[in-house]
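# Remarks on the overall topology
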Amino acid sequence: MNYQAEHQRSMADPAGFWREKASALPWFKAPENILAQDEHGIHRWFADGEMNTAYMALDYHVEQGRGAQTALIYDSPVTTTQRQYSYSELRDEVAQTAGMLAELGVTKGDRVIIYMPMIPEAVIAMLAVARLGAVHSVVFGGFAAPELAVRIEDAQPRVIMSASCGIEVQKVIEYKPLLDKAIELSSHQPESCIMLQRPQTAATLVAGRDYDWKTLLAQAAPADCVPVQGTDPLYILYTSGTTGKPKGVVRENGGHAVAMNYSMEAIYAIDAGEVFWAASDVGWVVGHSYIVYAPLIRGCTTLVFEGKPIMTPDAGAFWRVCADYKVKTLFTAPTAFRAIKKEDPDGTLLGQYDLSQLTHIFSAGERLDPPTQAWLTEQTGKPVIDHWWQTETGWGITANLLGIEPMPVKMGSSTVPTPGFNVQILNDAGEELGPNEQGYIALKLPLPPSCLTTVWGDLAKFKSGYLEAFPGYYASGDGGYIDEDGYVFVMGRVDDVINVAGHRLSTGEMEEVVGSHDWIAECAVIAADDALKGQIPLGLVVLKSGIDRTDAEVAQQLAQLIRARIGPIACYKDSYVVQRLPKTRSGKILRKSMRQMINGQEYAVPSTIDDPAIMTEIETVLRSRGVI
Ligand code: COA
Ligand code: AMP
């Protein structure tokens, strides 16, 4: 197949193109209304199709004779456990779990929050919610109680599903105190919580509200799949924006299933019966799409890995899993590869495993830096493919389309627009730019299936956050350029979003937390480049008059506060006390100039700066502390 022809067809006749792709799936009632604008002018896919995502992912395969095939492998070096579920076993577990939820009153459209570690029950919970036509919202385990509280308040779940603990290498992280605290902080109260008691620690249950997962499950009767419309929501996944409040990205059932299935064919060239491993966490979009939904809808075998790329027990962990389970495609974030490279630079551990079944390695979450890409290619001898993604889209916006026409890899580029995505580079005035010109990366409407159609409960935020900056386009928040061959280079965010070890966080939110500390008059949280994690946050703070504290004292206080309010994954450690922050005459803090300075780049100072001497003051402080 020819890439240009496929992409052009998706642009010229989106409805015809996606009707054909949708026909590959087992709908209860095939959609006739493929693409239409709703009363708010938002493009919606497959509105009149009837389906159930969990049916497509499980029951259908059992009906097609795949019941005995392995659907899910659980490999947990931190508990030395390995377990496998066939499609029949997984379908039965999911049906029983859906029955348990139904008995607690969960019906179509209700929300269920899932706050769980990387264990099979997290996947089972997601699919059980989908089976009932309800809406799940998975919250990553590394978030602190206030972050969970914000999500409970916004999604208003009827039920919360959780586990007694997660395991971080050797640390047991108790989830229940975090959950109890979050419920206490939230004005919305769930009717019930279902707790999976893990052997490492037992959670204390609140009488009348909390239930023991296993006891309840044993009493439940299996529930059938509930038909939903193509435009009914499957899940809400919260992601960081520029403000303190995360945005609830809404994913609809129909478009999501179609895009997931198509992506397995077009991007990953993987088929039913093959093993696909996304080494991520179900709390992130990559986990939703490529640990749970896409591999199962495609009839593949997926993997839930409860471990890290290093330390569990060493930097050979990923290669051991690939060899043990004959993984065909591995997908993870660049930070994981950088961690492996640091520990095993010569590939000694890698060389101990038989990777003959592994054909491709995919990377996303942040730009795959050319040195890491080159190292990984050389060590593994496999094609290493970067692709660009967002929570908002749920799948690759640009990729090297293995299933259509593989392209030569250009280091530093995430290759070409995926069919369905009209990628453009715009200037400040919203005009389309030519090859090699840097600008804002925008997607011309309509967006293809699976992309968000609103922010949960806040259509105005969806419009103002994504659609109003450049009318007729979706503003991605990323900047970059397209070269003369059509290869897209994504160079980084143009807003306050920061990417720490592949985790998307907001410096704006961190500033709100830092600014709430008693000692702090004013602050700026800046993304500093980091050799392992890509970026880490660093605070420049002005203390209130009368407060006399050292950098170390301030750093310790603020690191603790960010841990408690956002979570350990923010990796906030360093703070530096300065006398003043540089601002424009209208009072806007010059974060970009400071980011350039901290990262050793030439920094531009806008002519609108209020007092140019402040930049020199900051530079002096940072030099004296050895930051630059
Ligand atoms: N639950 C609770 N705490 C968690 C957590 C979770 N699910 N995940 C991370 N944390 C904690 C860690 O324990 C650590 O806490 P500490 O400061 O008390 O030690 C902190 O958050 C930072 O964790 P992490 O970013 O994982 O750093 P690390 O130094 O422990 O490990 C890497 C470094 C590179 C191995 C790790 O970041 C990694 O595996 N990254 C891959 C990320 C990824 O897959 N992203 C998905 C995008 S596709
Ligand atoms: P998330 O929503 O957590 O998936 O994060 C999305 C953001 O991560 C994007 O807006 C980019 O800034 C960044 N990102 C993800 N994948 C890539 C990639 N392959 N190249 C460059 N940036 C990426």
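Bear in mind that the values here come from a model prediction, so they are computed numbers and not experimental data.

What counts as what
Residues numbered from 1 in each chain as written. Chains lettered and ligands numbered in written order. Predicted model: local features only at pLDDT ≥ 70, side-chain atom pairs only at ≥ 80, totals over all residues. Heavy atoms only, no water. Helix = DSSP H or I, 4+ residues; strand = E, 2+ residues; numbered from the N terminus. Expected span 1.5 Å × (residues − 1). Contact = heavy atoms within 4.5 Å. Near = heavy atom within 4 Å. Polar contact = N/O pair within 3.5 Å; in protein donor to acceptor, adjacent residues only side chain to side chain. Areas by Shrake-Rupley, 256 points an atom, 1.4 Å probe, with all protein chains shown as cover. Nonpolar A, V, L, I, M, F, W, Y, C, P; charged D, E, K, R; others polar. Pairing = 2+ DSSP bridges. Axes fitted to C-alpha atoms, helices over the stretch in contact; angles between N-to-C directions. Phe/Tyr/Trp six-rings, centres within 6.5 Å; stacked < 30°, edge-to-face > 60°. Buried < 20%, exposed > 50% of the residue type's maximum accessible area, 1.4 Å probe, protein only. Lys NZ or Arg CZ within 6 Å of the ring centre and 35° of its normal. Core = buried A, V, L, I, M, F, W, Y, C linked by side-chain atoms within 4.5 Å.

## Focus on helix α16 (residues 551-565)
- Compared with an ideal rise of 1.5 Å per residue, which puts 15 residues at 21 Å, α16 spans 21 Å between its outermost C-alpha atoms and is within 8% of the ideal.
- Buried positions along α16 lie against α15 (507-515), β29 (520-530), β30 (534-543) and β31 (574-577).

## A word on the site of ligand 2
- The full set close to ligand 2 counts 15 residues, and His387, Thr391, Asp478, Arg493 and Arg504 are the nearest of them.
- Within the side chain of aspartate 386, one N or O atom sits 2.8 Å away from a nitrogen atom of ligand 2.
- Between ligand 2 and the protein, one listed contact pairs an oxygen atom with a side-chain N or O atom of arginine 493 at 2.7 Å.
- In the complex, 94% of the free accessible area of ligand 2, which totals 500 Å², lies under the protein chains.
- When the residues that make up the shell around ligand 2 are grouped by side-chain class, the tally is four nonpolar, five polar and six charged.

## Remarks on the sheet that holds strand β26 (residues 488-493)
- As summarised here, the arrangement of the four strands in space is β23-β24-β25-β26, forming an open sheet in which the pairing is antiparallel. Strands with a single pairing partner mark the edges of an open sheet, and in this sheet they are β23 (423-426) and β26. The sheet shows a mean angle of 50° between the axes of neighbouring strands, taken without regard to direction.

## Some remarks on the packing of aromatic side chains
- Tallied over the entire structure, the rule returns 31 aromatic pairs.
- Where phenylalanine 462 meets tyrosine 466, the ring centres are 5.8 Å apart and the plane angle is 45°; that geometry is what we call tilted. Separated by four residues within a single helix, phenylalanine 462 and tyrosine 466 lie in helix α14 (residues 459-467), roughly one turn from each other. The exposure classification of phenylalanine 462 matches that of tyrosine 466, with both residues buried.
- Counting every residue linked through ring pairs, the aromatic cluster contains Phe17, Trp18, Trp27, Trp45, Phe46, Tyr262, Trp395 and Phe421.
- When the ring centre of tyrosine 487 is taken as reference, the NZ or CZ atom of lysine 410 above it lies at 4.6 Å.

## With respect to the nonpolar core
- Ranked by internal contacts, the top residues of the largest apolar core, which has 117 residues, are Leu127, Met161, Tyr268, Tyr290, Tyr293 and Phe331.
- Apart from residues lying up to four places away in sequence, leucine 127 is in contact with Ala54, Ala57, Leu58, Val94, Val292, Tyr293 and Leu296.
- Formed by 48 residues, the second largest nonpolar core is a distinct cluster that contains Tyr238, Val250, Val500 and Ala527.

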